[in-house]
Amino acid sequence: MKPDAVLGLATGESPIGTYKQLIEWYNKGDLDFSEIHTVNLDEYKGLSPENPQSYAYYMSTNLLNHVNIPKENTNIPNGLEDDSEVECARYDNILHSLGGIDLQLLGIGGNGHIGFNEPGNNFNKETHCVTLTENTIQANARFFDSIDDVPKYAYTMGIKNIMQAKGILLIASGAAKAQALYDSFYGPITPSVPGSILQLHNNVTVIADEAALSIILKEHEITPGGHIK
Ligand code: GLP
């Protein structure tokens, strides 16, 4: 609906169906990405865009190579920049110069992380380098040959960048997300559950399957398809 939108994009399994749908609409001629700009949430530190486990590679193969978005309009933190201060300042400059994100797509970690903002991380941060938690390293090990290959650090947009997006669309599926989803939207707002900050955003849409919603549905005695307050 907004041909020159700035889209904040996410990786992981959750948005794969969304990207497939966008490609399908593009192939049908219903979507044009020629004026779109994209900014990705995060990237592993130390991985090159050619590394199949990098988020740059994921974005190329799952979306960017299949639609008419100009390469120069796409942005992902540079995993190969060793100097965190340089890379984070560069990325924040891009975010600021684009004038903010129109729609930020989010998945959620089993521990409630959004982007790579891990529990305990300060809410007031912009792009920064994080040390990944053991929980996240284990969860993401499924994409690597061995757990030792999972990078220990990542660059991520901060909660502050995410909260400045005009709209947020969070996608969650599977029982492994049920607690994180419940804690994020029905628990206290606390850095121990990074997703809980979304309670303070005025335009969040959550798309989740029954398994991911199971605790919420049970607590509130709601049948699937029913309205959740
Ligand atoms: C990763 C990413 C997050 C993503 C989350 C969930 O660690 N950094 O941006 O939302 O895990 O991933 P998945 O959708 O594969 O469950």
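Report follows, based on the coordinates. (Residues numbered from 1 in each chain as written. Predicted model: local features only at pLDDT ≥ 70, side-chain atom pairs only at ≥ 80, totals over all residues. Heavy atoms only, no water.)

Comments concerning the overall build of the protein chain
Here is step 1 of the chain: In terms of helices and strands, the protein chain carries 7 helices and 9 strands.
Here is step 2 of the chain: Computed over its C-alpha atoms, the radius of gyration of the protein chain comes to 17 Å, within 12% of the 17 Å expected for a compact globule of 229 residues.
Here is step 3 of the chain: Taking the principal axes of the C-alpha coordinates as reference, the protein chain spans close to 50 × 45 × 35 Å.
Here is step 4 of the chain: Burial statistics for the protein chain: of 229 residues in total, 48% are counted as buried.
Here is step 5 of the chain: When contacts within the protein chain are restricted to residue pairs at least 6 apart in sequence, long-range pairs at least 24 apart make up 76% of them.
Here is step 6 of the chain: Roughly 11,300 Å² of accessible area belongs to the protein chain as shown, and the carbon and sulfur atoms make up 52% of that amount.
Here is step 7 of the chain: Treating the 14 positive side-chain charges of the protein chain as one cloud and the 28 negative ones as another, the clouds have centres 4 Å apart. (Helix = DSSP H or I, 4+ residues; strand = E, 2+ residues; numbered from the N terminus. Rg over C-alpha atoms; globule rule 2.2 N^0.38 Å. Buried < 20%, exposed > 50% of the residue type's maximum accessible area, 1.4 Å probe, protein only. Contact = heavy atoms within 4.5 Å. Areas by Shrake-Rupley, 256 points an atom, 1.4 Å probe, with all protein chains shown as cover. Lys, Arg positive; Asp, Glu negative; His and termini not counted. Charge placed at Lys NZ, Arg CZ, Asp CG, Glu CD.)

Observations regarding the site of the ligand
Here is step 1 of the chain: Near the ligand lie 13 residues; those nearest to it are Glu 13, Ser 14, Asp 42, Phe 116 and Lys 177.
Here is step 2 of the chain: Gly 115 has a polar backbone atom sitting 3.3 Å from a nitrogen atom of the ligand.
Here is step 3 of the chain: In the environment of the ligand, an oxygen atom lies 3.1 Å from a nitrogen or oxygen atom belonging to the side chain of Asn 140.
Here is step 4 of the chain: Computed on the free molecule, the ligand has an accessible area of 390 Å², of which 94% lies beneath the protein chains in the complex.
Here is step 5 of the chain: In the shell around the ligand, the residues fall into 3 nonpolar, 6 polar and 4 charged. (Near = heavy atom within 4 Å. Polar contact = N/O pair within 3.5 Å; in protein donor to acceptor, adjacent residues only side chain to side chain. Nonpolar A, V, L, I, M, F, W, Y, C, P; charged D, E, K, R; others polar.)

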